[in-house]
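Each chain, letter by letter, is given below.
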Amino acid sequence: MTPSRCTAIALILFSAHLAHSQSILGFSPTSAAREARVEEKFKSIPTPDEERRQHRIFTAEPHVAGSKRNNELAEYIRDEWKKQGLEDVIIRRYDVYGTNPKSASLEMIAPTHYQAVLRESPLPGDDDSNNPAISGAWLGMSISGEVTAPVVYAHSGNPEDYDLLRQNGISVKGKIVLVRYSNPYSYRGFKALTAQREGAAAILIYSDPAEDGYKKGKVDPDGPWGPEYKIQRGAITYDFIVPGDPLTPGWASIPGAKRIPIEQAMSAPKIMALPISWHDAKPLLENMNGDGPVAPDSWQGGLPFQYHLGGERVKVHLKIEMDNGTQPYYVVEGRIRGSELPDEWVVLGNHRDAWAFGGVDPSSGTASMMELTRALGQLAKEGMRPRRTLVVCSWDGEEVGLTGSTEWGEQFADELRAKAVVYINVDEATSGPDFTGQAVASLAPMLEETTRSLNDPSGKSLYDAWKATTERRRKENNSSGPFDSGAANTTLADTRIGSGSDHTVFLNFIGMPVIGLGFAGDYGVYHSGYDDFYWMNHFGDPGYKYHTLMSQLWGVTALRLANADLLPFDFASYAANVRQFVNELMKAQPAAMSMWGRAPSPVQSTEARQPPPEFRAILDAIDNFEAAGKKLNESLTRKLSSHVDPKLALTVNHGMMQVERNWLNPDGIPGRPWFKHILYGARFTYAHLELPGLTEAVEAQDWPRAKKQARILQRALKKNTQLVNQLSDTVTNASIAEITTRSERP
Ligand SMILES: [Zn+2]
């Protein structure tokens, strides 16, 4: 090879590299070059030392929703944001139905006496675990009451567990059920509702060492797993029916708002509930030896004896007193006003309230948010203001029915539907090194692209680290929580979005695209007094590198959405995901598909293997939507390679923002009118539930309802196909008009 050819090839390679490194979805080459400079500057600002300093401030004291300390932290955030250069900083107040513990006691009165501790003992080396302000055992939204009754061991407290008890002749009516937290995972509120429906007098929920204790590995203070006295607090609000303040379902709890009586509140539990440690559960389970049949193998836990179903011998006396006075929750709101498009909003949020110190949940996210806002403020001061407005919120009462974000979202629903581009949620920023990125399918490609420009502490790009983690998890096929779907996606980003955090109101009620970011690892102290600064510094993120990376990732993702010329929505990706959801539903319900609209027949005809006509229509509509998405992608890419007229951008971006809103059905999911999204919903367990209205109708084999839901889905697909086609025409016609104008110039 001659030197000159070699140089030429090197030049080509170099410019190809340059072009690649500066190409960003939604940006013209000039804007991408500017964006790359802004992002480099932005990423250089957050530091592990500052992350750690902020984390210490938020984890210094317990700060449960509605507490004095949590309200002081709201004022701290307000003051810091003002110093950092955020604008329009304001604290918003919502007066909600309160649920605070006054007292709780649990004692076994037969066959022997045992007084439950209901507190967490201090750990050597962890001074915070000595703090007397750490609460005892309690569950938000338990009712007050007093009962003496026999105890039944009901495994996970899911409906099938009660079926098994019935098969063994055991009724739980008027008795107290003792259930485990997570085997498999389900939201504790669903366990409470199930126990209430079964007629139980109360529910005790304990942490079995098999799930998050010594059976998993070393326990705190020597390892990340839960110790003997660990209590997993939490709320049991039925927020899978409607989240937020139970007294204002669907509207904001602002002064003067109408409030319904608690007796009429769909989301208010009607059962006593208490969480206990395995230390307190052990005497109950141990004394069930010979009481009722031996529990099945899958019901055995990590304690060193055989578990029994119980129901006769072990009797306990339980007393719970709650304070249900109205209490204020405070949402802190601040913004960096957009330089060019102040009325297009990128909304970011993290909750502030914690069950105790909230080392992981949520203070790791809060520390990351404070470094994120410091960096954004500094950019603005240096003249690098985002084109669109960034709205940042510190939510309150997430832990109690997602209340702060829900009330705020309900208050500003109309404005958000007009202005919001996206909501980006960070709840637990880090409990370990495994990245989990969630996004509605239209934003999955942009999220994946964004992770390529960030460095994981492992030395890989965040994208490569994410890919490796995802492959490993899929191999393990270990679905461990509501955010870990375990199912394969057409995208690396997890596009199966359930509930359980502050994105819910934005996605399901307002129709905003959402992204959720987090790093996860071995974490056995969730919602306990041991989830603290010590735990984070020894196990979760000792060097605060993942906190720092989270601030960088959160910011870069937000900046791309705030600065893009044409918003980086990919509707072809959306279509592919929806097709997968539909195919999975048909696969999961073969019998339902063959019975669809017909009388059930014992003979399966070959014709039954064909999808029902309504599903064929949906699949056709998805094909059309995908074709429209591809066409728009192509016209946007072409447009971005030339000049993007601001007026055209405004029209096209607002059109694209409308697509997510069009997935809303104003009537909501049957039985749950607050949840309006027809692609995304959540089961009562918080688990993701795709095509919620249609899926639930098919599962119930309610054909008239299923047909109606199928038509609603088909109509929404058609509407969005028309909109997306119209947007590509607008882009293409504008390009033609420009060429014509240019060539007509003398
Ligand atoms: Zn949380």
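Residues numbered from 1 in each chain as written. Predicted model: local features only at pLDDT ≥ 70, side-chain atom pairs only at ≥ 80, totals over all residues. Heavy atoms only, no water.

(A) Structural view of the sheet that holds strand E5 (residues 145–153). The strand order across the open sheet formed by 7 strands is E3-E2-E10-E5-E6-E7-E9, and the pairing between neighbours is mixed. With one partner strand each, in any of the chains shown, strand E3 (114–115) and strand E9 (272–276) form the two edges of the open sheet. Of the strand pairs in this sheet, E5 and strand E10 (residues 310–323) are connected by 7 bridges, and their pairing is antiparallel. Paired with Thr-148 across the strands is His-317, a residue of E10. Sitting on the sheet, helix H6 (residues 188–197) touches strand E6 (176–180) and strand E7 (202–206), and the angle it makes with E7 is about 150 degrees. (Pairing = 2+ DSSP bridges. Helix = DSSP H or I, 4+ residues; strand = E, 2+ residues; numbered from the N terminus. Contact = heavy atoms within 4.5 Å. Axes fitted to C-alpha atoms, helices over the stretch in contact; angles between N-to-C directions.)

(B) Structural context of unusual backbone geometry. Note that the residue after Ala-110, namely Pro-111, is joined by a cis bond; omega there is 0 degrees. Positionally, Pro-111 belongs in the loop between strand E2 (100–110) and E3. Cis geometry marks the peptide bond from Asp-220 to Pro-221, where omega comes out at 15 degrees. Tracing the sequence through the fold places Pro-221 in the loop between helix H7 (209–212) and strand E8 (234–235). Positive phi values are uncommon outside glycine, yet Leu-402 reaches one of about 55 degrees. For Leu-402, the position within the fold is in the loop between strand E13 (388–395) and helix H10 (403–411). Classification of Leu-402 as buried rests on a relative accessible area of 1%. Located in the positive-phi region is Leu-691, a residue other than glycine, with phi close to 45 degrees. Positionally, Leu-691 belongs in the loop between strand E18 (688–690) and helix H21 (692–699). (Buried < 20%, exposed > 50% of the residue type's maximum accessible area, 1.4 Å probe, protein only.)

(C) Focus on helix H5 (residues 159–167). Every buried residue of H5 is accounted for by Asp-161, Tyr-162 and Leu-165. Down the axis of H5, the sector holding all buried residues measures 95 degrees, keeping them to one side. Those residues of H5 that are buried are in contact with E5, E6 and H6. The first or second residue beyond H5 is Gly-169, which carries a positive phi of 75 degrees. (Arc of directions from axis to C-beta.)

(D) Just the pairing of strand E15 (residues 434–439), in detail. Of all 6 residues in E15, 5 are buried, a share of seventy percent or more. Judged from the 6 bridges that link them, E15 and strand E16 (residues 514–520) form a sheet pairing that is antiparallel. Considered in E16, the bridge of Asp-434 is made with Ala-520.

(E) The pattern of salt bridges, seen in detail. As enumerated under the stated definition, the model contains 40 salt bridges in all. Close ionic contact of Asp-88 with Arg-335 constitutes a salt bridge, the shortest N to O distance being 3.8 Å. Of this pair, Asp-88 sits in strand E1 (residues 87–96) while Arg-335 sits in strand E11 (residues 327–336), and the two are 247 residues apart along the sequence. A salt bridge links Asp-163 to Arg-166, with the shortest nitrogen-to-oxygen separation between them at 2.8 Å. (Salt bridge = Lys/Arg side-chain N within 4 Å of Asp/Glu carboxyl O.)

(F) Region of interest: the coordination of the zinc ion. Taken together, the protein donors to the zinc ion comprise His-351 (NE2), Asp-361 (OD), Asp-427 (OD) and Asp-427 (OD), at separations of 1.9 to 2.7 Å. Geometry at the zinc ion is irregular, judged from the 4 donor atoms that bind it and their angles of 53 to 147 degrees at the metal. Here the donor residues for the zinc ion map to a single chain with the spacing H-x9-D-x65-D. On the criterion of sequence distance, the pair formed by His-351 in strand E12 (residues 341–351) and Asp-427 in the loop between strand E14 (420–425) and E15 is long-range, its members being 76 residues apart. (Donors = N, O, S within 2.8 Å, 3.2 Å for Na, K, Ca; no water. Tetrahedral: all angles 85-135°; square planar, octahedral: opposite > 155°, others 65-115°.)

(G) Geometry of the packing of aromatic side chains. One pass over the structure, following the stated rule, counts 31 aromatic pairs. When the ring of Phe-305 is compared with that of Tyr-307, the centres are 5.6 Å apart and the planes differ by 35 degrees; the resulting orientation is tilted. Aromatic pair Phe-581 and Tyr-680: ring centres 6.2 Å apart, planes at 75 degrees, arrangement edge-to-face. Of this pair, Phe-581 sits in helix H17 (residues 571–588) while Tyr-680 is found in strand E17 (residues 680–682), placing the two residues 99 residues apart along the sequence. Using a relative accessible area of 0% as the deciding quantity, one classes Tyr-680 as buried. Connected via pairs of aromatic rings, a cluster forms that spans Tyr-187, Phe-190, Tyr-238, Phe-240, Phe-684 and Tyr-686. Arg-417 extends its terminal NZ or CZ atom over the ring of Phe-509, reaching a point 5.6 Å from the ring centre. (Phe/Tyr/Trp six-rings, centres within 6.5 Å; stacked < 30°, edge-to-face > 60°. Lys NZ or Arg CZ within 6 Å of the ring centre and 35° of its normal.)

(H) Molecular detail of the side chain of His-688. Mapped onto the elements, His-688 comes out in strand E18. The class for His-688 is buried, based on a relative accessible area of 18%. Only 2.9 Å separates the side chain of His-688 from the side chain of Glu-690, close enough to count as a polar contact. (Polar contact = N/O pair within 3.5 Å; in protein donor to acceptor, adjacent residues only side chain to side chain.)

(I) Spotlight on the sheet that holds E12. Reading across the sheet, the 7 strands line up as E1-E11-E13-E12-E14-E16-E15 and stay open at both edges, with mixed pairing between neighbours. In this open sheet, the two edge strands, each paired with only one partner strand, are E1 and E15. Within the sheet, the average angular offset between the axes of one strand and its neighbour, ignoring direction, is 20 degrees.

(J) Geometry of helix H3 (residues 48–59). The end-to-end C-alpha distance of H3 is 16 Å, a good match for the 16 Å that 12 residues give at a rise of 1.5 Å each. Among all positions in H3, only Glu-50, Glu-51, Gln-54, His-55, Phe-58 and Thr-59 are buried. Down the axis of H3, the smallest arc covering the buried residues is 160 degrees, so these residues share one side. Where the residues of H3 are buried, they touch helix H4 (68–84), helix H9 (363–381), helix H15 (533–540) and helix H16 (545–563). (Expected span 1.5 Å × (residues − 1).)

(K) Spatial organisation of the pairing of E12. In terms of burial, E12 is a largely internal element, 9 of the 11 residues being buried. One ladder, built from 8 bridges, connects E12 with E13; its direction is parallel. Each bridged residue has a counterpart across the sheet, and for Val-347 the counterpart in E13 is Val-391. Two strands pair when backbone bridges link them, and E12 and E14 are joined in this way by 5 bridges, in the parallel orientation. Each bridged residue has a counterpart across the sheet, and for Trp-345 the counterpart in E14 is Ala-420.

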